[in-house]
Amino acid sequence: MKYMKLGSKPDIFQSHGSVTIVVSDLTSDVSVEVNGARLLLHKFPLLSKSGRLHKLVAEARDSSSEEIPLPDFPGGAEIFELCAKFCYGITITLNAYNVVAVRCAAEYLDMSESIEKGNMIFKLEVFLNSSIFRSWKDSIIALKSTKGLLPWSEDLKIVSRCIDSISSKTSVDPSKVDWSYTYTRITPADQTPASGSAWNSSHSRRLQPVPKDWWVEDVCELEIDFFWRVMLAIKAKGRMSHELIGEAVRIYAYRWLPGLSKEQNLIESSNNLGGGGIANTSDDFAETTAKHRLLLETIVSLLPPEKACTSCSFLLKLLKAATMYGAASSAKNELARRVGLQLEEASVSDLLIPSVSYSSGSLYDVDLVQRIVENFLMQDQSPPMSPSRARIAHERRRTRSAENLDFAESRRSTSATHSAKLRVAKLLDGYLAEVARDANLPLSKFMALAEAIPDFARPVHDGIYRAIDIYLKEHPSTGKSEKKKLCRMMDCKKLSMEACMHAAQNDRLPLRVVVQVLFFEQVRAAVSGGLILNDIPNNIKALLPAQDDSIVEAMQSSSTTDDNWDAVHHDFKALKGDLANMKQRIAEAERERSQIEVDVIKQGSNNSTAKSSSKRLFSGSRKMLTKFFSTKLGNSETTSKSSDSSRSSGSPVSGTVSSGKTSVARR
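Residues numbered from 1 in each chain as written. Predicted model: local features only at pLDDT ≥ 70, side-chain atom pairs only at ≥ 80, totals over all residues. Heavy atoms only, no water.

Novice: Run through the nonpolar core, naming residues and quoting values.
Specialist: Core analysis: the biggest nonpolar cluster contains 157 residues, and L41, L70, F80, W215, L343 and F446 have the highest contact counts within it. With residues up to four places along the chain from it excluded, the contact list for W215 reads W136, T170, M231, I234, M240, L244 and A248. (Core = buried A, V, L, I, M, F, W, Y, C linked by side-chain atoms within 4.5 Å. Buried < 20%, exposed > 50% of the residue type's maximum accessible area, 1.4 Å probe, protein only. Contact = heavy atoms within 4.5 Å.)

Novice: Can you lay out helix 3 (residues 76-88) for me, pointing to particular residues and giving the numbers?
Specialist: Its 13 residues place the ends of helix 3 19 Å apart at the C-alpha level, agreeing with the 18 Å of an ideal helix rising 1.5 Å per residue. A large share of helix 3 lies buried, amounting to eleven of its 13 residues. Looking only at helix 3, the buried set comprises G76, I79, F80, E81, L82, C83, A84, K85, F86, C87 and Y88. G89 lies just past helix 3 and shows a positive phi near 85°. (Helix = DSSP H or I, 4+ residues; strand = E, 2+ residues; numbered from the N terminus. Expected span 1.5 Å × (residues − 1).)

Novice: So what about the packing of helix 16 (residues 329-341) against helix 18 (residues 366-377)? Which residues, and what values?
Specialist: Relative orientation and spacing of two packed helices are given, respectively, by the angle between their axes and the distance between those axes. Between helix 16 and helix 18, the least distance of the axes is 7 Å, while the angle of their chain directions is 50°. Comparing their axes, helix 18 and helix 16 come out oblique. The crossing of helix 16 and helix 18 is right-handed. Mapping the contact onto sequence places N333, A336, R337, V339 and G340 in helix 16 and L368, R371, I372, N375 and F376 in helix 18. Along the lines of polarity and charge, the residues of the contact of helix 16 with helix 18 split into five nonpolar, three polar and two charged. (Axes fitted to C-alpha atoms, helices over the stretch in contact; angles between N-to-C directions. Parallel < 35°, antiparallel > 145°, perpendicular 65-115°, else oblique. Left-handed = near helix turned anticlockwise from the far one by under 90°. Nonpolar A, V, L, I, M, F, W, Y, C, P; charged D, E, K, R; others polar.)

Novice: Hey, could you go over the confidence of the model for the protein chain for me, with residue numbers and the actual values?
Specialist: For the protein chain, per-residue confidence averages 75 on the pLDDT scale, and 67% of positions sit at 70 or higher. Predicted confidence is poor over residues 382-414, with pLDDT under 50, and the contacts of this stretch with residues over four places away or in other chains come to 17 contacts. In this model, residues 532-571 is a region of pLDDT below 50 whose contacts with residues beyond four sequence positions or in other chains number 78 contacts. (pLDDT = per-residue confidence, 0-100.)

Novice: Would you mind going over the packing of aromatic side chains in detail, with residue names and values included?
Specialist: All chains considered together, the criterion is met by eleven aromatic pairs. Between F73 and Y108, the aromatic rings sit 5.1 Å apart at their centres with planes inclined by 80°, giving edge-to-face as the arrangement. You can see F73 sitting in the loop between strand 6 (67-69) and helix 3 and its partner Y108 sitting in helix 4 (residues 99-109), a full 35 residues away along the chain. As far as the burial class goes, F73 and Y108 line up, both buried. Every member of this aromatic cluster is reached through a ring pair, and the members are F73, F80, Y108 and W152. Stacked on the ring of Y108, the Lys or Arg R52 has its end atom at 3.9 Å from the ring centre. Across from the ring centre of W256, 4.3 Å away, lies the NZ or CZ of R255, which sits over that ring. (Phe/Tyr/Trp six-rings, centres within 6.5 Å; stacked < 30°, edge-to-face > 60°. Lys NZ or Arg CZ within 6 Å of the ring centre and 35° of its normal.)

Novice: Lay out the pattern of salt bridges in plain terms, naming residues and giving numbers.
Specialist: Taken as a whole, this structure holds 20 salt bridges when the rule is applied. Two residues, D11 and K85, come together in a salt bridge whose shortest N-O distance is 3.1 Å. Residue D11 is located in the loop between strand 1 (3-6) and strand 2 (13-16), and its partner K85 is located in helix 3; the two are separated by 74 residues in the primary sequence. Residue D11 is classed as partly exposed on the basis of its relative accessible area, which comes to 46%. A salt bridge links R161 to E125, with the shortest nitrogen-to-oxygen separation between them at 3.0 Å. (Salt bridge = Lys/Arg side-chain N within 4 Å of Asp/Glu carboxyl O.)

Novice: Please set out the packing of helix 8 (residues 158-170) against helix 11 (residues 224-237) residue by residue, giving values where relevant.
Specialist: Where helix 8 contacts helix 11, the two axes come as close as 9 Å, and the packing angle between them is 50°. Our classification of the angle between helix 8 and helix 11 gives oblique. The two elements helix 8 and helix 11 meet at a crossing, and its hand is right-handed. Across the interface between the two elements, V159, I163, D164, I166, S167, S168 and T170 of helix 8 pack against F226, R229, V230, A233, I234 and K237 of helix 11. Within the contact of helix 8 with helix 11, the residues separate by chemical class into seven nonpolar, three polar and three charged.

Right under this line is the structure:
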């Protein structure tokens, strides 16, 4: 730390409580009062260097008063004593901690060159410009000391000069940084070998490369007003990458903003205070909340505009804090927009933002997540601008392929990729499974969020099925029509084998959905149970006997009434029992097919023999399906025939059968 000494005489000031005297043969002839402290001094040394004291002593003489009050003196009695000692020629020491206060006090006392050559203001300015503003740490210390000296420090441009010094040094190439700085994060380079001399250890530390973010921790010690101005100055110079600026903002937020590293339940505190308590406590809480709200909004304004300048997890933590502190809607909308640009990086726990709305009663803010998802999907709706004509005119030599490459890179950076949408769909399914446990979550919000993602982003519907199952479990009062709407978002064809097994035994699902799941699982089991793809007919209906076409027709009818489905409810448990028997028979057919293949190889049979064996397996599978459907749906034959007039080609099962036919044919 730089310091400067002024004067050469010994200290003759003595303090007795709030009174300070000068030990001298001469009696004091003037009394100065500063912030309740009283100093008994002599006129001659003071008036020779201070223009203001000269004027005040003249005014006091006219009013026959020996008291000279100095109201609102910058720095208080301690700083005035330093100025008085300078007038007496007593040695004083100035450093980064007190030089700003002494400079403001010298301005207050008018200790300028017009009063005496080489006066205090001149010497202080030399010290500031030659030492303080040239030192990294001294500039930060001096800037922090200006907080209690406003508006003097601002009017004297000490604040702006400190900020300019700090911002200029942050832009220096790290390889040229040769001054002291604080960098407490441990890196592998900080670890010195266990063996070796002290000289080698210090030498290795001295040769360590300076990290690019060496300045961040020191700047984060500033209060928010100064931090904001320093960061704006750094941005204005245009030499700092947006990743480093985002890192500085993130570290500052963790340093000063409660509720990020360890969440605090501010909502309950506000409720308790709002219910009536001690007035002082309520006022303190409101003041603290307002301070944190202003801090958060300032941090949001400092985030660089570039995408991925900071992590999505950090942005969501800021969004949670903004919700708890009641930040302005503009700040929350900006955070939601930024989160939407990189939503694929988020986790389910990050999206669980507590709701502070008393009207909804929900635990989580689903509307805010809905807004984030909309911002994510809007990336594809707003295509990037093509290369500007001004730039093309300036770079006439560039080829059209280079311009197209720039346009493609711009689109790639501003639109959501296919893989990002797949990750977001999986993320939302996990989020829906968590919020589904909320008993106060309306069905409309649940469905709106589930349907926000396009269908192609969910190649497998296990996640959405799990969320639907949890919602039905936590909301047992859900009606039949609402269950149908809810299950309509799930495609039975996209369920895995494990999910189908669970759904087939799920009593919470509508019976129609369970029958669809059973049908598709039977077909899939028949295909994977030993049938050779080349021998499967083009129409998947060939798996069923001709006399049981009413079974398919009953499934294809989308207008079947609830009474018809309830009529076969007594067969539901037996249907699930036969599913296990069906799987056992398919396993037996698989073993038979394997044995036939072994026999064919041993006997060296030709292709015709193999085809005849495959047809035997196919015929066996048809018989198993015939027996299964004829025994279980025989009782509902009358119901199926009565619904012939209401058949629809767009029913879920009909569409599934056609889809199954196409997929099998392609195989």
